[in-house]
Amino acid sequence: MIEDYLLQARKPARYIGEEWNVSKKDFSRAEIKFALCFPDLYEVGMSNLGLRIIYGILNNLPKVVCERFFAPAQDWENILRSNNLEITSLESKQGLKAFDFVGFSLGYELSYTNVLNILDLGGIPLKASLRDHKFPLVIGGGPSVLNPAPGHAFFDLFFIGEAEEAIKEIVDLYEKFKIEFKSGEISKEELLIKFSAIAGVYVPSLYEVNYTEAGQIKEFSPRFPQAPKKIKKRIVEDFNQAYFPCAWIVPFIEIVHDRITLEIMRGCPNTCRFCQARQLYYPFRVKKVDKLMELAETTYKNTGYEEISLAGLSVSDYPFLEDLLGKLITRFKEDAVSISLPSIKPKILLGNLAALIATIKKTSLTFAPEVASDKLRRVINKDFDLAVFTTALKQAYSAGYQRVKLYFLIGLPFEDNSDLDAILEFTKNVSELRRELNLGPAQVNISINTLIPKPHTSFQWLAMLGLEEIKSRENYLKSKLKNKRIKLNFHYPEMSFLEGVISRGDRRLSEVIEGAFKKGCRFDAWDEHFAFQKWLEAFAEAKLDPQVYLQEKSKDSILPWDFIEPGISKELLLQDVPETY
Ligand code: SF4
């Protein structure tokens, strides 16, 4: 029994379930059983709104039971493996093989080895081609599937886009054919062909990819006439009425975002050229203030949380922010519930909103200028007004803020040392501006990420910086920084490199991912677990050069993700590639 071993785990609460508001459905009575897996720790997975939405929708369907699985931490994996135990669900401690579907939320490209670890610990063959009707169908969805090619070998089907409505169509179709499928009356391929008729579903085994000798894609074509040539991303019909998990599960242990996350908008009205998220959540939609107040009220009553965070890609662009913040602050003041905002645009610190923002917890301010020179602002098409920023910052310092966090990108097209110098100059000015108010310099933390020219962005054809060049630009910044009030943080260069390779990768990377998993790679997005050397060995064994995936791509080449249509067309992206500054 798994329970007999839980006390040996470093944090048993990651695996026990039983949290407040958890689903208590009878596993044995459900017609369709859905294992919802998150390939990272419990604390990360339970901070993911998408996971909570799918969990709630599925468990609201009388015929379905949905139970959660998270990636086991190393200590728990060791306990499971050394005692020949399978990974089990948090709710009723079922093994993966007891489910009809094993669904993975693929939030980032570096989670594939954890996907394989969960499958392996559940006794499920890693490759879809090795699983027959006796095994569950493995389905993947989430941000990484905008390019599903690298993980194609492991998944029976992918779902592209917002699953709120489509997930019901998927379980309905399965219910219709479950008996025939499980009895072997219809083959898995026949069933998958039926699934491919659902908008947003992509079944990788129904397509064939041919490569040129140089490794370019020569042809991507369906093997069956029923398989659609293009997969159009699904979006919910009515976002205002879309399901929200008001029966919010309250964990026993602190999680990364330990609060209510109120999603106020999807999509973004801005057009930053490097940004994949705007494609992922396209088009821009908002929830109405009354609806959000109702959701906040119900969720608060169901949880007792003391913080409500407004979520969206660019919450400063929510058109009714003043109205919403005013109402939320007034309503929740009496219950001492704080309202928080993620990274904001400077403009919302001015005008009528300033007074409201000033009532919000004064810890640190977060901005994402991304670049510090006008030249690069034009290159990335970033809407950032320096005069507004300066005025807003002065007001914020006067209102009590002492710390500022800034996000920057390096490795942009046309970037040279003068742009890196501009980052340091900009940051110094941000710190010194507080001195002008006789308040002493501000503490500024800068987070520097390397541009990954991601699929479905205007930068998708561009080369990404190689490892040595990333390190050289980082070293340049480090060597020039002389201000003790400014702290530089860099994303691990090797990790950015691998993320670039996998996010831009093709089907041949499945072999590399499996190789890296078998060498022991897990939690590749975690600095302390990341084992770059093992990845390099896996590439060498698969006879693939990772650097090839970071090279510039010809505008007329077939890209591994071309068959996915997220909303903004390839033609429009092509017209938007910056040729000059
Ligand atoms: S970077 Fe931010 S503001 Fe720009 S398009 Fe993406 S989400 Fe919107």
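Being a predicted model, the structure only gives us computed values, none of them experimental. (Residues numbered from 1 in each chain as written. Predicted model: local features only at pLDDT ≥ 70, side-chain atom pairs only at ≥ 80, totals over all residues. Heavy atoms only, no water.)

> Quick question: what am I supposed to make of the sheet that holds strand β18 (residues 486-490) here?
In sheet architecture, strand pairing relies on hydrogen bonds along the backbone and comes in two forms, parallel and antiparallel. Reading across from one edge, β15-β16-β17-β18 is the order of the four strands in this open sheet, with parallel pairing throughout. In this open sheet, the two edge strands, each paired with only one partner strand, are β15 (364-370) and β18. When strand polarity is set aside, the average angle formed by the axes of neighbouring strands in this sheet is 20°. Here eight bridges tie strand β16 (residues 403-410) to strand β17 (residues 443-450), and the two strands are oriented parallel to one another. What sits directly across from Leu406, in β17, is Ile446. Sitting on the sheet, helix α13 (residues 386-399) touches β15 and β16, and the angle it makes with β15 is about 170°. Here helix α14 (residues 417-433) sits on the sheet in contact with β15, β16, β17 and β18, set at roughly 170° to β16. (Pairing = 2+ DSSP bridges. Helix = DSSP H or I, 4+ residues; strand = E, 2+ residues; numbered from the N terminus. Axes fitted to C-alpha atoms, helices over the stretch in contact; angles between N-to-C directions. Contact = heavy atoms within 4.5 Å.)

> Looking at this structure, how should I read the site of the ligand?
The full set of residues close to the ligand is Cys268, Asn270, Cys272, Phe274, Cys275, Arg278 and Leu313. Split by residue class, the shell around the ligand holds five nonpolar, one polar and one charged. (Near = heavy atom within 4 Å. Nonpolar A, V, L, I, M, F, W, Y, C, P; charged D, E, K, R; others polar.)

> What should I look at first to understand the domain arrangement of the protein chain in this one?
The assigned domain composition of the protein chain is domain 1 (2-232) and domain 2 (363-508 + 544-581). Relative placement of domain 1 and domain 2: their C-alpha centres are 33 Å apart. Facing 25 residues of domain 1, the contacting portion of domain 2 comprises 22 residues. Carbon and sulfur atoms make up 63% of the surface buried where domain 1 meets domain 2, a total of about 2,200 Å² over both sides. Taken together, the links from domain 1 to domain 2 amount to one salt bridge. When contributions to the side of domain 1 that touches domain 2 are tallied by element, the ones reaching two or more residues are β7 (207-211), β8 (217-222) and β9 (231-232). With four residues, β8 is the single largest residue contributor to the side of domain 1 that touches domain 2. Residue composition of the side of domain 1 that touches domain 2, by class: 16 nonpolar, three polar and six charged. (Domains from an automatic or database assignment. Buried area = accessible area lost by both parts, 1.4 Å probe. Salt bridge = Lys/Arg side-chain N within 4 Å of Asp/Glu carboxyl O.)

> Before we go on, may I ask you to explain helix α6 (residues 166-182) in this structure?
Since the α-helix turns once every 3.6 residues, residues separated by three or four places project in the same direction. Along its 17 residues, α6 runs 22 Å from first to last C-alpha, staying within 8% of the 24 Å computed at 1.5 Å per residue. Every buried residue belonging to α6 is among Ala166, Ile167, Ile170, Val171, Leu173, Tyr174, Phe177 and Phe181, and all of these are buried. At the exit of α6 stands Gly184, carrying a positive phi of roughly 85°. (Expected span 1.5 Å × (residues − 1). Buried < 20%, exposed > 50% of the residue type's maximum accessible area, 1.4 Å probe, protein only.)

> Would you mind showing me how to read the packing of aromatic side chains here?
Under the criterion given, the structure shown has 28 aromatic pairs. Arranged with centres 5.2 Å apart and planes meeting at 75°, the rings of Tyr42 and Phe70 form a pair that is edge-to-face. With a gap of 28 residues between them, Tyr42 in helix α2 (residues 42-45) and Phe70 in strand β2 (residues 64-70) connect regions that are remote in the sequence. Classification of Tyr42 as buried rests on a relative accessible area of 1%. Judged by its relative accessible area of 3%, Phe70 falls in the buried class. Between Tyr207 and Phe220 the ring centres are 5.3 Å apart and the planes differ by 20°, which places this aromatic pair in the stacked class. (Phe/Tyr/Trp six-rings, centres within 6.5 Å; stacked < 30°, edge-to-face > 60°.)

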